[in-house]
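Results of the structural survey
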Amino acid sequence: MSSSLLQPRAPPSLSSSSSISGSKPQWRFTSPPAVTFTRRARNSTVNAKIREIFMPALSSTMTEGKIVSWIKSEGDVLSKGESVVVVESDKADMDVETFYDGILAAIVVPEGESAPVGAPIGLLAETEAEIEEARAKAASAGGSSPPKIAADAPVAASPPSAPVAAPPTPAAAPVVADGPRKIVSTPFAKKLAKQHKVDINKVVGTGPFGRITPADVEAAAGITPVKSTPPPVTAPAATAAAPAKSAPTFAEIPGATVVPFTTMQAAVSKNMIESLSVPTFRVGYPVMTDALDALYAKVKSKGVTMTALLAKAAAMALAQHPVVNASCKDGKSFTYNSSINIAVAVAINGGLITPVLQDADKLDLYLLSEKWKELVEKARSKQLQPHEYNSGTFTLSNLGMFGVDRFDAILPPGQGAIMAVGVSKPTPVAGKDGYFSVKNQMLVNVTADHRIVYGADLAAFLKTFAKIVQEPDSLTM
Amino acid sequence: MHSAISLSLSSASPITVRSYDGAGSSSSSDLFFRNNSAPSQLRFCGLRREAFSGCKSSSNAVLLKQLRQNMKISASLSGNGTPSKGFDYDLVIIGAGVGGHGAALHAVEKGLKTAIIEGDVVGGTCVNRGCVPSKALLAVSGRMRELQNEHHMKSFGLQVAAAGYDRQGVADHAENLAAKIRNNLTNSLKSLGVDILTGVGTVVGPQKVKYGKVGGSGTVITAKDIIIATGSVPFVPKGVEVDGKTVITSDHALKLETVPEWIVIVGSGYIGLEFSDVYTALGSEVTFVEALDQLMPGFDPEIGKLAQRVLINPRKIDYHTGVFATKITPAKDGKPVTIELIDAKTKEPKDTLEVDAALIATGRAPFTQGLGLENVNVETQRGFIPVDERMRVIDSKGELVPHLYCIGDANGKMMLAHAASAQGISVVEQVSGKDHVLNHLSIPAACFTHPEISMVGLTEPQAREKAEKEGFEIGIAKTSFKANTKALAENEGEGIAKLIYRPDNGEILGVHIFGMHAADLIHEASNAIALGTRIQDIKYAVHAHPTLSEVIDELFKSAKVKNDVSCAVAEPVAV
């Protein structure tokens, strides 16, 4: 590589200008009407001069270039000869200078993306007044990424005055306002705010000393931080635990924010849609838990958890009713599973995953409890291996700890049944002798695939399960 | 017999190579024994078995006895074999840092009876609180960076689960490295027979040094020549309250007792830059506070610009330039660290930062207090000891103080460990009768960020200034790491090498490298400058392919030296 390639900066072909007058047809604008209106007004009064910044040809062999970084950001004032952007050619990175004074109105090709030589990569406005127009042009030029739209929404909703200067204090004051608040934001938070076009003044800081952290900005921008490869989920969903809170409303409500799914949430969503193709039915059953509670009190100190007890009970019942542990893979046959693997639904910040207790019928309570602790820890640190969350043959979902008395779970595709467990609470029960007594009762509700599991099968399974729970000595054997 | 011993010893232990040379050149058997057989007896015993495997065991024992006796005798002698009659030592060095160590090693090689005075631990700043432990931290940060960069890993086809670290483990690595290097240094001094005198050294008069505890009576020794090599300490500006926990200097930071979520680094020189590399790799966010208008002052502007694009902008770093931190208060009573900033020019208050920690990296101040300089009529300048180009100390009247030298950070010429060492060697050359002037322009410097930055000689603005003054033209050549096979194989194409030269005679004025292993690549250029090699000659040197060194090879090849000028002509061509 010869030095001469690096030396000339900004070859003449580089930022040649083409004036774009404000004569673009109005229908090209894609923003809400209110904004378009003011734009039209502006267009008619200002003799707009917007120049395009082109991808320069940095070498004779260069056909396209990649934007390494924008040295200037949108809204920055540029003076002639200043470096604006760094472009990577097939040979080297070079600073590209502007030939005109003005304001960088819009970045058309963001950092990390490529554009062919001669394509506009940014727009330079002569005055502040033209920035809006330039931005609209940039938007209509296409290629604006979805997050940008999301982030732009609040801006469009606010009055279109003062387009560049810091927007006025938002109507909804972000923090209990005791006088003018000094906004403290961390370096990365500022960078993210700039990148996602979030007004840092509107972000509520939740970090130490009320400072704005990167997470706060991401939340404001509607981005869920990408953690290292969240394992895909083959997951069930208890309706209440389902993460898809943003119910799709088809009428657009101003000010709404769109939060894209994380990988895990997307997997849940996909599974939920798939579950619709399975004909399911539900059977409920009351189970007395006094004996189980007494056992739990005894073994709790040894590290046994309620989850392990229930999983063990379900596994033992399944051992007697293999059809409930089966699955229907092709709609033509039963697939009887050789082992009983109890998947247990676990909600983890905004997601849902089902760590699997393998061979739950064969392991004793203590091993099972230990295994469970290990799985939960792995789930928390996102280190579950695929076989640890997708090998379930039956799922257990428990919302009892929230006080839920009964609920109905959606059957995860590929399994025969899922059990939804409610809270165990003192309930007046009429005995066979006709006397009332108060017993701890919990309602379990099983959803099953009716192609393979029929009502009587499920009823029998539930009866066995109730018997095991009500006489739990067998659990400890 | 004698030569047989020395040969086998030297071949068996790398440290003794030097002493062998020393013995050979001085041809004094006494000296040889003294220097070699000193405290590390055990090691030599182990080696001896091998070395004397052909000898009878009885003669072996006799020899051992001889060695011991000789050592004893030499210790009681003074000025032994050298012309410096009436002195305890030929050379006394105050300060056992890298500078003092380098000088001592070379002095032994030259046959001088040498003592080194150290009031703290051997190794000084570099080994204990500077270059060495920081390299351990940077080694960690480099790996973290790589492992965290999913894109980078993916481009290799590698899959790595989320990388994490154990802070104490990282801190231990730094501490262990420092301890290891410190021991190596101590052992090398001991094995060469350099007397390590513990205590604070004070110059009490011409050719006289006292050492001992501060305030104690101490021991006075005489020396033909004295080298002051007391180094420096972190400079803490006025108004900054260092508590060692939330407001810290590099001394504290290297212990890595905490990894704050957000840390301000005051000063964006190479110390600040290296720490920003460490902290951001470990998950901290960093804010630089720089008094000058540009980050990374002191680097070639073009390199600085590229470095900023790679080392600052994409990382969790922001910065305030052109501001002074006038007041820094540590975190206490549930309040964060506060840093008051004023405009460097207008002195107007500008901002107050509230962060978790602050690292003061505003440079280093010479450590020259209590040296007894008044006894030889020397006045420090801003703490630095004034010296001439031969490191001879200059007194308050502007005259040279005979037999007194100052090397390293204490003279402020070039505050780098290897510069101190080079200065020490230069002084030893002089006191052993050979005039020597060190060319500071040939001393390379490096900043061990990821990627690294290195430089030698002049920056482009400095070269242009010099060219204008002296009336010559300069040429600039640049090569990119993007075109280098090895760099691309490592997926580390980011980088540039820049050569500033004289097209008229092919002289290398400066070389600046930013890119993978830049710190290792610079030496081809620094050696060329030191030896006066011209571009038209070095460009024919062959480099192995594919290696990163080809970046430098291309750099030399792309320089355009006027070919009618032969290398013998040093006359500048008038413009």
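Within each chain, residue numbers correspond to sequence positions counted from 1 in written order. Chain labels run from A onward and ligand labels from 1 onward, assigned in the order the entries are written. The predicted nature of this model means local features are confined to residues of pLDDT at least 70 and side-chain atom pairs, given and counted, to a pLDDT of 80 or more, with totals for whole chains, interfaces and linings taken over all residues. Side-chain figures throughout are based on the complete set of non-hydrogen atoms in the structure, without hydrogens or water.

Section: the sheet that holds strand β8 (residues 247-249) of chain B
Residues and elements named next belong to chain B. The criterion, for reference: Between any two strands, pairing holds if DSSP finds at least two bridges. The helix and strand labels rest on DSSP assignments: H or I over at least four residues marks a helix, E over at least two residues marks a strand, and numbering proceeds from the N terminus. For helices, the fitted axis covers only the stretch in contact; all axes are lines through C-alpha atoms, and the angles between them, taken along N-to-C directions, range from 0 to 180 degrees.
Strand order across the open sheet formed by 5 strands is β8-β15-β9-β10-β11, with parallel pairing between neighbours. The two strands at the open ends of the sheet, each matched to only one other strand, are β8 and β11 (317-321). Recorded for the sheet is a direction-independent mean angle of 20° between the axes of neighbouring strands. Summarising the sheet, strand β9 (residues 262-266) and strand β15 (residues 357-360) pair through 4 bridges and their orientation is parallel. Within the sheet, the bridge partner assigned to Ile263 lies in β15 and is Ala357.

Notes on the interface of chain A and chain B
For clarity, the threshold we go by: For this analysis, residues touch if any pair of their heavy atoms sits within 4.5 Å. In short, buried area is how much 1.4 Å probe accessible area vanishes from two parts on joining, totalled over both. By convention in these notes, a salt bridge is any Lys or Arg side-chain nitrogen within 4 Å of a carboxyl oxygen on Asp or Glu. We define a polar contact as two N or O atoms separated by no more than 3.5 Å, with the added condition that, inside protein, one atom must be a possible hydrogen donor and the other a possible acceptor, whereas residues neighbouring each other in sequence contribute only through side-chain atom pairs. Amino acids are sorted into nonpolar (Ala, Val, Leu, Ile, Met, Phe, Trp, Tyr, Cys and Pro), charged (Asp, Glu, Lys and Arg) and polar (every other residue, Gly among them).
Taken together, the contacts link 28 residues of chain A with 34 residues of chain B. Overall, the association of chain A and chain B removes approximately 2300 Å² of surface from exposure, summing both partners, and the carbon and sulfur fraction of that is 51%. Taken together, the links from chain A to chain B amount to 2 salt bridges. Between chain A and chain B we count 8 residue pairs in polar contact (both at pLDDT 80 or more) in total. At the level of elements, α1 (3-6), β4 (83-88), β5 (93-97) and α5 (187-195) of chain A are the ones that each hand at least two residues to the side of chain A that touches chain B. If you tally residues by element for the side of chain A that touches chain B, the top one is α5 of chain A, at 5 residues. Here the side of chain A that touches chain B is composed, by residue class, of 11 nonpolar, 8 polar and 9 charged.

A few points about the confidence of the model for chain B
All names here are of chain B. For clarity, the cut-off: Per-residue confidence from the predictor is reported as pLDDT, which spans 0 to 100.
Summarising the model, chain B shows a mean pLDDT of 84, and 83% of its residues fall at 70 or more. Considering each helix and strand of chain B separately, the mean pLDDT is smallest for helix α4 (residues 41-51), with a value of 38, and largest for helix α17 (residues 518-521), with 97. Low pLDDT (under 50) marks residues 1-83, which in the prediction has 77 contacts with non-local residues, meaning those over four places away or in another chain. A low-confidence stretch, residues 564-575 stays under pLDDT 50, and its non-local contacts, those more than four residues away or across chains, total 16 contacts. On the interface metric, ipTM, the complex scores 0.72, and its pTM is 0.58.

Section: the packing of aromatic side chains
All names here are of chain A. Short version of the rule: The aromatic pairing rule takes the rings of Phe, Tyr and Trp, using the six-membered ring of Trp, and pairs them if the centres are within 6.5 Å, calling planes under 30 degrees apart stacked, those over 60 edge-to-face and the rest tilted. Between buried and exposed lies partly exposed: a residue is buried under 20% and exposed over 50% of the maximum accessible area for its type, with that area taken using a 1.4 Å probe on protein chains only. Put simply, a charge is over a ring when the Lys NZ or the Arg CZ is close to the ring centre, within 6 Å, and near the line of the ring normal, within 35 degrees.
Summed over all chains, the structure comprises 4 aromatic pairs over all chains. Judged by centre distance (5.8 Å) and plane angle (5°), the ring pair of Phe334 and Tyr336 falls under stacked. An angle of 65° between the planes, with centres 5.7 Å apart, marks the rings of Phe394 and Phe461 as edge-to-face. Of this pair, Phe394 sits in strand β15 (residues 394-398) while Phe461 sits in helix α11 (residues 455-470), placing them 67 residues apart in sequence. Comparing Phe394 with Phe461, the two get one shared label, buried. By way of ring pairs, the aromatic residues Phe394, Phe461 and Phe465 are connected into one cluster. Here Arg51 stacks its cationic end above the ring of Tyr100, 3.8 Å away from the centre of that ring.

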